[in-house]
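For reference, the chains in residue letters:
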Amino acid sequence: MAFYHGVKRPIATIYKSLNSSICCGHGYSTLTRHGNSMVESRGYFHKHGDESRTFAVSIRRYSAEISSSEQMNLIKLLRERTSAPIKEVKAALVTSNWDIEAAQKDLRKRGIILASKKSSRTAAEGLLALAQNERKAAVIELNCETDFVARNEIFQYLALSLAKLALLHEGSQQSFAAFPVGHLEELKLNLDHPKLSGEKSVQNAITEVAAMMGENVKLRRGFAMSSPSLGVISTYLHTSPQPGVGRIAGILSLEVEDTNVSQDALQRVGSELAMHVVAAKPLFLTKEDVSSDALSNEREILKSQAEISGKPQIAIEKMVEGRLRKYFEEVVLMEQKFIVNDTMNVKTLLSNLSKDVGSPVKIGSFLRMEVGEGLQGLEALNESEPLANAA
């Protein structure tokens with residue numbers, strides 16, 4: 001009924017509406033005539049004649065010169081160039097009147113804005129990327145919001161590029177150290193990917209990939225471990241979609257005293273121990289490394305559990321000591337059962353290796369790192385970043 005009444009509006013009302021400019025603002029282009037000339041504008045059409053009245057009508061021109069198939073080709077091409085979501089690609093092309101160069105520029109501008117808006121969202125997925133040479137190994141964690149983005153080849157390319165940059169970065173001279181992410185973000189990257197190329201700062205490269213992916217992308221942390229003067233450094237990546245990236249990383253150094261020791265034997269056992277670190281999740285290298293606070297806290301818990309049994313105090317103390325040995329076997333690397341051969345612990349493995357190579361072999365340091373570990377709890381509590389399981 002409302003439509004029926006609209007049709008039968010008084011002629012005066014219609015005539016009055018024709019004397020005012022109409023602008024619908026949908027992003028289509030129009031033509032404006034001034035005398036005998038036509039000038040393109042947006043959203044409305046003015047006709048100026050010799051009459052005392054000025055008439056205006058709205059004209060929509062949805063780029064008639066661009067066919068539907070050409071529009072689809074432009075959308076496909078711009079998406080290939082930028083990897084932006086289709087919705088954003090089409091919106092940029094419509095806004096730019098199907099000028100692909102202008103649309104790409106507009107998309108990058110809006111993408112940076114979108115990326116900054118997404119930067120407050122939790123990014124607990126992602127990948128670890130690891131790079132290694134004869135002198136050092138470096139691992140970084142690049143986070144995103146979903147595992148779908150973590151599987152994207154551009155995201156993986158960026159992660160590997162960051163790991164290689166961290167490997168070349170001459171920071172701390174310690175055998176094992178975390179390097180400041182803030183400093184790394186200021187360094188330059190030379191990228192050579194069809195969709196991510198040229199020299200950019202780390203921060204700008206991350207922002208650009210965030211715009212392409214439509215998610216928050218964040219460089220969370222990084223570590224480097226130097227090779228011992230005599231010995232090897234071994235690495236292992238778990239759940240690895242391609243060489244150099246994965247979800248869990250283990251890095252471990254083996255030190256020897258003799259220069260003539262077989263490197264092959266060291267690398268073989270080192271690789272197995274790096275895999276062991278990933279699987280067994282040790283917190284300390286030796287029993288002596290367990291802090292007094294952690295030890296007293298565990299002893300108190302075990303004593304409370306033993307007292308429930310109602311046994312005499314002497315029996316309770318023996319129970320506590322027995323369970324404490326079990327605790328050491330769970331959290332101390334040297335006391336853990338070797339995952340490749342659980343008939344021996346890591347200490348026995350190294351003792352046997354020392355006999356085989358003719359020189360004492362010891363673990364210098366180790367690192368275990370997993371994507372997203374502790375992130376949800378940290379952001380909820382607004383606490384600082386934990387390093388990793390390292391010794």
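Anyway, here's the lowdown on the structure attached to this text. (Residues numbered from 1 in each chain as written. Predicted model: local features only at pLDDT ≥ 70, side-chain atom pairs only at ≥ 80, totals over all residues. Heavy atoms only, no water.)

Overview of the overall build of the protein
Line of reasoning, step 1. A tally of helices and strands in the protein yields 14 helices and 15 strands.
Line of reasoning, step 2. Sequence-distant contacts in the protein: of pairs separated by 6 or more residues, those separated by 24 or more amount to 61%.
Line of reasoning, step 3. Summed over all atoms, the accessible surface of the protein reaches about 21,700 Å², with 53% contributed by carbon and sulfur. (Helix = DSSP H or I, 4+ residues; strand = E, 2+ residues; numbered from the N terminus. Contact = heavy atoms within 4.5 Å. Areas by Shrake-Rupley, 256 points an atom, 1.4 Å probe, with all protein chains shown as cover.)

With respect to helix α4 (residues 86-95)
Line of reasoning, step 1. Regarding α4, the residues found buried are V89, A92 and L93. Buried residues along α4 cover an arc of 100° about the axis, so they all sit on one side.
Line of reasoning, step 2. Taken from the residues just after α4, N97 is the one with a positive phi, measuring 55°. (Buried < 20%, exposed > 50% of the residue type's maximum accessible area, 1.4 Å probe, protein only. Arc of directions from axis to C-beta.)

Details of the packing of helix α7 (residues 153-168) against helix α9 (residues 202-213)
Line of reasoning, step 1. One way to put it is that α7 packs onto α9 with a least axis distance of 10 Å and a crossing angle of 165°. In terms of axis orientation, α7 runs roughly antiparallel to α9. Crossing of α7 against α9: the hand is left-handed. Where α7 abuts α9, its residues I154, L158, L162 and L165 lie against V202, A205, I206, V209, M212 and M213.
Line of reasoning, step 2. The residue inventory of the contact of α7 with α9, partitioned by class, reads ten nonpolar, no polar and no charged. (Axes fitted to C-alpha atoms, helices over the stretch in contact; angles between N-to-C directions. Parallel < 35°, antiparallel > 145°, perpendicular 65-115°, else oblique. Left-handed = near helix turned anticlockwise from the far one by under 90°. Nonpolar A, V, L, I, M, F, W, Y, C, P; charged D, E, K, R; others polar.)

Observations regarding α7
Line of reasoning, step 1. In this model, α7 (16 residues) spans 23 Å end to end at C-alpha, consistent with the 22 Å of a helix rising 1.5 Å per residue.
Line of reasoning, step 2. Counted residue by residue, α7 has twelve buried out of 16 residues, so it is predominantly covered.
Line of reasoning, step 3. The complete set of buried residues in α7 reads I154, F155, Q156, L158, A159, L160, S161, L162, A163, L165, A166 and L167.
Line of reasoning, step 4. Here α7 starts with a cap whose side-chain oxygen sits 2.8 Å from the backbone nitrogen of I154, and that cap is N152. (Expected span 1.5 Å × (residues − 1). Polar contact = N/O pair within 3.5 Å; in protein donor to acceptor, adjacent residues only side chain to side chain.)

Side note on the packing of aromatic side chains
Line of reasoning, step 1. Evaluation of the coordinates by the stated rule reveals one aromatic pair.
Line of reasoning, step 2. Between Y327 and F328 the ring centres are 6.0 Å apart and the planes differ by 50°, which places this aromatic pair in the tilted class. (Phe/Tyr/Trp six-rings, centres within 6.5 Å; stacked < 30°, edge-to-face > 60°.)

Some thoughts on the environment of E134
Line of reasoning, step 1. Mapped onto the secondary structure, E134 falls in the loop between β5 (125-132) and β6 (136-144).
Line of reasoning, step 2. Along the sequence, E134 and S227 sit 93 residues apart, while their C-alpha atoms lie 7.3 Å from each other.

Section: unusual backbone geometry
Line of reasoning, step 1. If you check the backbone angles, N97 has positive phi at about 55° while not being a glycine.
Line of reasoning, step 2. Position of N97 among the secondary structure elements: in the loop between α4 and α5 (100-118).
Line of reasoning, step 3. Although it is not a glycine, W98 sits at a positive phi angle of roughly 65°.
Line of reasoning, step 4. Looking at the secondary structure, you find W98 in the loop between α4 and α5.

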